[in-house]
Amino acid sequence: MFESLIGLVAIIALFVIISRQQNRIGLIERELGALRSLVLSGVVPPVAKPPEQAATDGKTDAVPVAAAAADIASSAVSEPAVAETPTAGTPTTETESPPGEIVSGPWSAGEAPKAVEPVEPAVAARAPGKPDIETALGTRWAVWVGGIALALGGLFLIRYTIEAGIFGPGVRLTMAAVLGLVLVAGGEFIRRTGFKVPVQGVAGAYIPAILTAAGAFILFGTVYAAHGIYGFIGPALAFTLLGAIGVATIAAALVHGQALAGIGLVGAMVTPVLIASQAPNPWALFGYLAIVLAATGVIARMRDWKALMAAAFFGTGIWTILYMTDAPGVNLSAILFIDAVTLAILAFVWLGGHRDETARAFDWPSIVPGLFVAFSALGLSVDPVFAAAGYALPGAAILAAMVAVALYRPLALPLLYAAGLATVLIYLGIIPPTSIASDFSAGALGVDGLPLATSNGLTQRIGIALGLVFIGAGLWAARKFAASSWLRSASWAASGVIVPLVILLALWFTFGNLDRDFVYAAVAALLVVVFAAGGEWIARAEGPPLKGGMAVSFALSGAAVAGLLMLHMAFDSGWTAILLGAAAIVPALATRWRSYPVLGWISVGAVIAVLGRVAFDPTIVGAEFLSTTPVFNWLLPGYGVPALASGFAAWQLARTTNGRPRLAMEAAAALFALLTVAMLVRHAMHGGVIDTGAMTLAEQAIYTLIAIGAGAILVAIDMRSPSSVLRYGSMAAGVVSVALIVIRHFVVLNPLFTDESTGRIPVFNLLFLAYLLPAVAAGGLALYIRDKRPKWYAQMLALVAAVLAFTYATLSVRRLFKGEFIGLWSGLGQLETYTYSALWLVIGVALLTAGVWLKSQVLRIASAVLIAIAVLKVFLFDMSELEGVLRALSFIGLGAVLIGIGLFYQRLLTRAAKENG
């Protein structure tokens, strides 16, 4: 049913197309006759004007012959080998065939047609319109469907003869082979006799290529049927024939286009699947793949077909990985052979010749062999079966070969990335307890919890060798490309730094002493010197020299990381934190001689490392080794040295490179200074223990005072040396202190709610420390920054200072009546209640006075709010709770205060009016 439907549709479409093409051919013949007459008579055909212009000119007559000639002249732009005779003052126009395309057509066998006389440039430059649906159906779709129909027809013919029993298997296969050969020969005949589609946009419907592809398809099916279905030929012959057909099809693509090469490559890569064998020979498989890959590489190189080359590498890589899944029976030599062939074809065939290596940074088809070859090396090194067989050394050799090819062919830069990634994964895999392992027999790559059996002396020696390979090649190539390609130079420098550092870290974790190991520390120190010297060596080759580009940044950053590892390997935790903090000075001092941008960021990196170190262990040396002596213990140098070093580094950077690293170091100096004081306070208040015990109000008060003081210090420093970090850092310190006051002083740790002891001393007690001192500090800071910070910030601090003072006075009154413990649940007395009213009125008047004197609107508003609260308390609470003289005094005092406030405001307004008048 399906075959009949295809045939019916094809017949109808073919009939319509033929009839339409006959009409068009007749029209073209008439137009060519008219043009020939004009050319022979020597008359230059007039240019046909557009209908709009003709109507404007009032010309109603039209010459059919001239119009036909103009039509032909305009379409001649898209035809090959049409040359115009240059005239004086007229530019020469010439249209050529696309490069590599065969000039064909019925006229190519004989003499080329004579050149058409010059036409107006406007007409000659007029591009032909897009092909319509009829053109598409009659050219592209007809050819494509025809090619598919031929291929299917051959298969259907074989199927019909089988079902009808007309011929025997041998005759049927012979007929199919003859049909395939006839199609290939027909395509070659049409190509040689001259054929070209003269319609723009339909070059993809190249009939010789489609006929050749259909013939190759039928030949593939014939050989496979002869072997797989009928058994006429053995596996060796079938394998050879299918490979030959595939390679021949790829070779035919030189004259028929890349699509045919793709068909041949697919057939060649599928051939080993089609041919089954009881005893597969890996050398036959990989020898065959090597031949196909080499042939494809040569053809792809000649035509610069990147997609074809990438597909060939992909197919070879897939076969290599599939072969390695049969881990116990794998032939190591075969794997090494195909990897070597892949790298050789990449280096000497695909990337060989005189390619312009400066046009682009890398060649994208190189990504495919890089991934597959690196994956095979990774499997040889980490798979348990391969590792037990001692294949780690060949795997390392493959990785070294990839680095060598990337060094020899700069366009093969993806090989460097792949080799580096595989090496990193291998040596991360030897670190217990999270080892990276693969099981090729199950086709999986995963992570398990056991170290691999390859964690032995061989792994250690291979790691050292690979590290040296990456260091040497990386630094040398980074210098080589420093002036020509920043991407290549940075890539080589990064690989020459990252891979050796990962290997060193993995070997230290696996074979070294994690507490203290001077051997590995010496190796790390040596890497510091090598990377620092390498960075300077690369910088001298830059253009302009010593600008400190990406490659230099990678090298110097590697030196910094190696120094970090050296400190951890050679010293205990306490000295590591101190020395690491002090190390921030070194790159800052280096900016006196070199203005590399990375130096400042290395100082920032050292500070970040110290922060991570103290976050992991805030006690610096461990809780069990921290002394209980106040102030003079490991906390002082552990937090103080990074603070001093950060401050010095910021000072140094401000005088050399400046920029954002300087701001970051200023922030770090302020942060570590705060942490130093805070940690010492907590240590002292908890008896030498800083990681246990609940926070008290006294401790929180000290932290609040530190935050307010830090804000004031940052403002003072900013006034002398303006900095956005200091500006916003000071405001952040103030906002944090206000948040601590609101949340912890007023709510969480308020002794009115916690009933915490306020102390036995009448004045210098907990209330003095937690409320009065912060009130004075916040008020003083608000007064100090009035003209130095935004208005809202100063008003916020002034308001908090007023509320703190109010809270201190109120709680002090309660302590006067209740004693050391002032919990709310102990109740209120009548005299205490009256005292609050009087106190709040007095504080309100004091705030009003201060607001007028300081010209602070926020204090005046606070006084108004407090007095309003006092009024509400008197009318709503005192009236019902107080009795006798206390009730009367409450109202009398309230009235007197309110009248006094009114008189005060009247005098204030009168004075203001006189000054303005």
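Basis of the calculations
Residues numbered from 1 in each chain as written. Predicted model: local features only at pLDDT ≥ 70, side-chain atom pairs only at ≥ 80, totals over all residues. Heavy atoms only, no water. Axes fitted to C-alpha atoms, helices over the stretch in contact; angles between N-to-C directions. Helix = DSSP H or I, 4+ residues; strand = E, 2+ residues; numbered from the N terminus. Parallel < 35°, antiparallel > 145°, perpendicular 65-115°, else oblique. Left-handed = near helix turned anticlockwise from the far one by under 90°. Contact = heavy atoms within 4.5 Å. Nonpolar A, V, L, I, M, F, W, Y, C, P; charged D, E, K, R; others polar. pLDDT = per-residue confidence, 0-100. Salt bridge = Lys/Arg side-chain N within 4 Å of Asp/Glu carboxyl O. Buried < 20%, exposed > 50% of the residue type's maximum accessible area, 1.4 Å probe, protein only. Phe/Tyr/Trp six-rings, centres within 6.5 Å; stacked < 30°, edge-to-face > 60°. Lys NZ or Arg CZ within 6 Å of the ring centre and 35° of its normal. Polar contact = N/O pair within 3.5 Å; in protein donor to acceptor, adjacent residues only side chain to side chain. Core = buried A, V, L, I, M, F, W, Y, C linked by side-chain atoms within 4.5 Å.

**Thoughts on the packing of helix H21 (residues 573–582) against helix H23 (residues 597–616)**
Where H21 meets H23, the closest approach of the two axes is 9 Å, and the angle between their N-to-C directions is 155°. When the axes of H21 and H23 are compared, the pair comes out roughly antiparallel. With respect to the hand of their crossing, H21 and H23 are arranged in left-handed fashion. Along the contact surface, H21 presents Ser573, Gly574, Ala577, Leu580 and Gly581, while H23 presents Ala606, Ala609, Val610 and Arg613. Here the residues of the contact of H21 with H23 sort into five nonpolar, three polar and one charged.

**Some points on the confidence of the model for the chain**
In regions of low pLDDT, the predicted coordinates are not meant to be interpreted in detail. Overall, the predicted model of the chain reaches an average pLDDT of 75, with 64% of residues at or above 70. Counted against residues more than four places away or in other chains, residues 47–142, with its pLDDT under 50, gives 78 contacts. Low pLDDT, under 50, characterises residues 197–205; the predicted model gives this stretch 15 contacts beyond four residues in sequence or across chains.

**Considering the pattern of salt bridges**
Note on pairing: side chains with opposite charge can pair once their charged atoms come close. Under the counting rule described, the total for this entry stands at six salt bridges. Two residues, glutamate 536 and arginine 540, come together in a salt bridge whose shortest N-O distance is 3.2 Å. On the criterion of helical spacing, the pair formed by glutamate 536 and arginine 540 is a turn pair, its members being four residues apart in helix H19 (residues 518–540). We classify arginine 540 as exposed; its relative accessible area is 51%.

**Description of the packing of aromatic side chains**
Per the stated rule, a full pass over the model turns up nine aromatic pairs. Ring geometry for phenylalanine 314 against phenylalanine 372: centres 5.5 Å apart, planes inclined by 75°, an arrangement best described as edge-to-face. With phenylalanine 314 in helix H11 (residues 306–324) and phenylalanine 372 in helix H13 (residues 367–382), this pair connects stretches of sequence that are 58 residues apart. Among the residues examined, phenylalanine 372 registers a relative accessible area of 18% and is labelled buried. Centroid distance phenylalanine 648 to tryptophan 651: 5.6 Å. Interplanar angle 35°. Geometry classified as tilted. Linking phenylalanine 648 with tryptophan 651, this pair stays in helix H24 (residues 635–654), spanning three residues, or about one helical turn. On the basis of relative accessibility, which here comes to 30%, the residue phenylalanine 648 falls in the partly exposed class. Taking relative accessible area as the criterion, tryptophan 651 reaches 39% and is therefore assigned partly exposed. The ring of phenylalanine 481 carries the charged tip of arginine 488 above its face, separated from the ring centre by 5.6 Å.

**A look at the side chain of serine 723**
In this fold, serine 723 is placed in the loop between helix H26 (697–720) and helix H27 (724–748). Here glutamate 666 takes part through its side chain, which lies 2.6 Å from a polar atom of the side chain of serine 723. Excluding its chain neighbours within four sequence positions, the residues that come into contact with serine 723 are Arg662, Leu663, Glu666 and Asp718.

**Remarks on the nonpolar core**
By size, the foremost hydrophobic cluster in this structure holds 106 residues, and its most contacted members are Met402, Tyr427 and Trp492. Here this core takes 11 residues from helix H18 (residues 486–511), the largest share from any one element. When near neighbours in sequence (up to four residues on either side) are disregarded, methionine 402 contacts Leu343, Gly370, Val373, Ala374, Leu415, Ala418 and Ala419.

**A closer look at unusual backbone geometry**
With an omega of -5°, the peptide bond running from glycine 543 to proline 544 counts as cis. In this structure, proline 544 sits in the loop between H19 and helix H20 (550–570). Although it is not a glycine, leucine 546 adopts a positive phi angle of roughly 60°. For leucine 546, the location among the structural elements is in the loop between H19 and H20. Assessed through its relative accessible area of 30%, leucine 546 is described here as partly exposed. The phi dihedral of isoleucine 620 is positive, around 70°, even though this residue is not glycine. Take isoleucine 620: it is sitting in the loop between H23 and H24. Classification of isoleucine 620 by relative accessible area gives buried; the value is 1%.

**So, the environment of phenylalanine 362**
Position of phenylalanine 362 relative to the elements: it lies in the loop between helix H12 (332–350) and H13. Measuring from C-alpha to C-alpha, the distance between phenylalanine 362 and leucine 413 comes to 5.6 Å, with 51 residues separating the pair along the chain.

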